[in-house]
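Each chain is listed here by its residues.
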Amino acid sequence: DAKTTQPTSMDCAEGRAANLPCNHSTISGNEYVYWYRQIHSQGPQYIIHGLKNNETNEMASLIITEDRKSSTLILPHATLRDTAVYYCIVRLIQGAQKLVFGQGTRLTINP
Amino acid sequence: DAMVIQNPRYQVTQFGKPVTLSCSQTLNHNVMYWYQQKSSQAPKLLFHYYDKDFNNEADTPDNFQSRRPNTSFCFLDIRSPGLGDAAMYLCATSRDLAPGETQYFGPGTRLLVL
């Protein structure tokens, strides 16, 4: 699986949009971009995934650059409950299904 | 609600004393995974079951075993826990191994080795 690079930590004010970047410059054409988050002392929670196009669901939006070398997860109106470690993961479309977690970004939402 | 359940949330064992962690799921998913997450580190896959087929990661120590008696349950057995095995153990499921399938995690069991 391709490696990802994320900032170690970020802060965001409550009610504002939180934009979490991820660099995956070695991604290949058959790899998805996945985002999970882990709130303290809980299991990881799936947020969103995409291949080429931008995606949106009830939790977040995923913006993938045209060259697919980076992406941004957007939480449109961050709340205190969004404080967590956010993991950006690239996964092969076929073959090994394991999630290879990097160190993630520790996002703190401030009141 | 359909979910992945892990009990207990906290487990204490003694050095060298075998311990079993439990996971159950109501999602009727074919695949069940076990991850290990040490303090301040990211989760790391130990092994997974696709139905009854067991798939071990190459670097998973022999000390770790798993059983899946039926679709709903999966167990992690640590034969002789060492201090270095203290960690959060996460169970996850996915419907299948097909492309794009999402993994759903339980809350984890935190293991303490005395």
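Bear in mind the structure is a predicted one, so any value in this text is a computation, not a measurement. Every chain begins its residue count from 1, and numbering advances along the sequence as written. Each chain takes a letter, starting from A, and each ligand takes a number, starting from 1, following the order in which they are written. A pLDDT threshold of at least 70 governs which residues receive local features in this predicted model, and a stricter bar of 80 or more applies before side-chain atom pairs are shown or counted, although totals over entire chains, interfaces and linings include all residues. For the side-chain quantities, the full set of heavy atoms in the structure was used; hydrogens and water were omitted.

### Topic: the overall build of chain A
Tallying secondary structure elements over chain A gives zero helices and nine strands in all. Mapped in sequence order, the helices and strands of chain A form the string β-β-β-β-β-β-β-β-β. If one aligns the C-alpha atoms of chain A with their principal axes, the spans along those axes are about 40 × 30 × 25 Å. The proportion of buried residues among the 111 residues of chain A is 44%. Secondary structure counts use DSSP, requiring at least four H or I residues in a row for a helix and at least two E residues in a row for a strand, with both numbered from the N terminus. Relative accessible area decides the class of each residue, using a 1.4 Å probe on protein chains only: under 20% of the type maximum gives buried, over 50% gives exposed, and in between gives partly exposed.

### Notes on the overall build of chain B
A tally of regular secondary structure across chain B gives zero helices and 11 strands. Shown N-terminal to C-terminal, the secondary structure of chain B runs as helices and strands in the order β-β-β-β-β-β-β-β-β-β-β. Relative to the compact-globule value of 13 Å for 114 residues, chain B shows a C-alpha radius of gyration of 13 Å, a close match. Taking the principal axes of the C-alpha coordinates as reference, chain B spans close to 40 × 30 × 30 Å. Residue burial in chain B is summarised as follows: out of 114 residues, 47% are buried. By the convention used here, residues are in contact when the closest approach between their heavy atoms is within 4.5 Å. Across chain B, every contact between residues at least 6 apart in sequence was considered, and the portion connecting residues at least 24 apart equals 57%. Values of accessible area rely on a 1.4 Å probe in the Shrake-Rupley scheme; residue burial ignores everything except the protein chains shown. Carbon and sulfur atoms provide 49% of the accessible area of chain B, an area that totals close to 5,600 Å². Looking at chain B, you have 10 positive and 10 negative side-chain charges, and the mean spots of the two groups are 8 Å apart. For the radius of gyration, the atom set is restricted to C-alpha positions; the globular benchmark scales as 2.2 Å times the number of residues to the power 0.38. When charges are counted, Lys and Arg contribute as positive and Asp and Glu as negative, whereas His and the chain ends are disregarded. We put the charge of a Lys on NZ, of an Arg on CZ, of an Asp on CG and of a Glu on CD.

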